[in-house]
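Observations on chain architecture
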Amino acid sequence: MSDPSLYLTITTAALAGLVILVQAMLTGWRGWLQLKQQELRHESDARAVTPTGTTARIEIADLKERIRKLEAIAAGVDL
């Protein structure tokens with residue numbers, strides 16, 4: 001068990017495994033960063049398409065009406 005080539009082989013295999021593990025983790029990290037960048041771009045695109053003026057007022061009024069109906073349902077009031 002004191003053969004130097006055995007220790008060298010085990011050390012080389014462990015180092016190779018570590019390199020493979022680090023490479024896989026780095027690839028995953030880069031993929032996660034790319035996903036987050038795409039999400040940020042999508043959010044900024046969604047903000048650019050946000051309606052303004054009359055359309056926004058109509059949507060806000062619609063949302064208020066929905067909230068009023070949901071509150072009435074939660075209170076047990078028939079509409």
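Everything below is about the structure printed above this text.
Report follows, based on the coordinates. What you are looking at is a predicted structure, and each value in this text was computed from that prediction instead of being measured.

1. Observations regarding the packing of aromatic side chains
Summed over all chains, the structure comprises 1 aromatic pair. Summarising the aromatic geometry, the rings of Trp29 and Trp32 are spaced 5.4 Å apart at their centres and angled 25° between planes, so their arrangement reads as stacked. With Trp29 and Trp32 both in helix α1 (residues 4-48) and 3 residues apart, this pair spans about one turn of that helix.

2. With respect to the pattern of salt bridges
Tallied over the entire structure, the rule returns 3 salt bridges. A salt bridge links Lys36 to Glu39, with the shortest nitrogen-to-oxygen separation between them at 3.3 Å. Taken together, the residues span about one helical turn, with Lys36 and Glu39 both in helix α1 at a distance of 3 residues. Taking the relative accessible area as the measure of exposure, Lys36 reaches 33% and is therefore partly exposed. For Glu65, the salt bridge identified is with Arg68, shortest N-O distance 2.5 Å. One end of the pair is Glu65 and the other is Arg68, both in helix α2 (residues 54-75) and 3 residues apart, which spans about a single turn.

3. Focus on α2
In a regular helix each residue adds 1.5 Å, so 22 residues correspond to 32 Å; α2 covers 32 Å between its end C-alpha atoms and thus fits that length. Downstream of α2 by one or two residues, Gly76 has phi in the positive range, about 85°.

4. Concerning a nonpolar patch on the surface
Judged by side-chain polarity, Leu15, Leu18, Val19, Leu21, Val22 and Met25 come together as a nonpolar surface patch covering roughly 590 Å² of accessible area. By the secondary structure assignment, Leu21 is in helix α1.

Scoring rules and cut-offs
- Residues numbered from 1 in each chain as written.
- Predicted model: local features only at pLDDT ≥ 70, side-chain atom pairs only at ≥ 80, totals over all residues.
- Heavy atoms only, no water.
- Phe/Tyr/Trp six-rings, centres within 6.5 Å; stacked < 30°, edge-to-face > 60°.
- Helix = DSSP H or I, 4+ residues; strand = E, 2+ residues; numbered from the N terminus.
- Salt bridge = Lys/Arg side-chain N within 4 Å of Asp/Glu carboxyl O.
- Buried < 20%, exposed > 50% of the residue type's maximum accessible area, 1.4 Å probe, protein only.
- Expected span 1.5 Å × (residues − 1).
- Patch = residues over 30% accessible without salt bridge, like charges linked within 9 Å, V, L, I, M, F, W, Y side chains within 5 Å.
- Areas by Shrake-Rupley, 256 points an atom, 1.4 Å probe, with all protein chains shown as cover.

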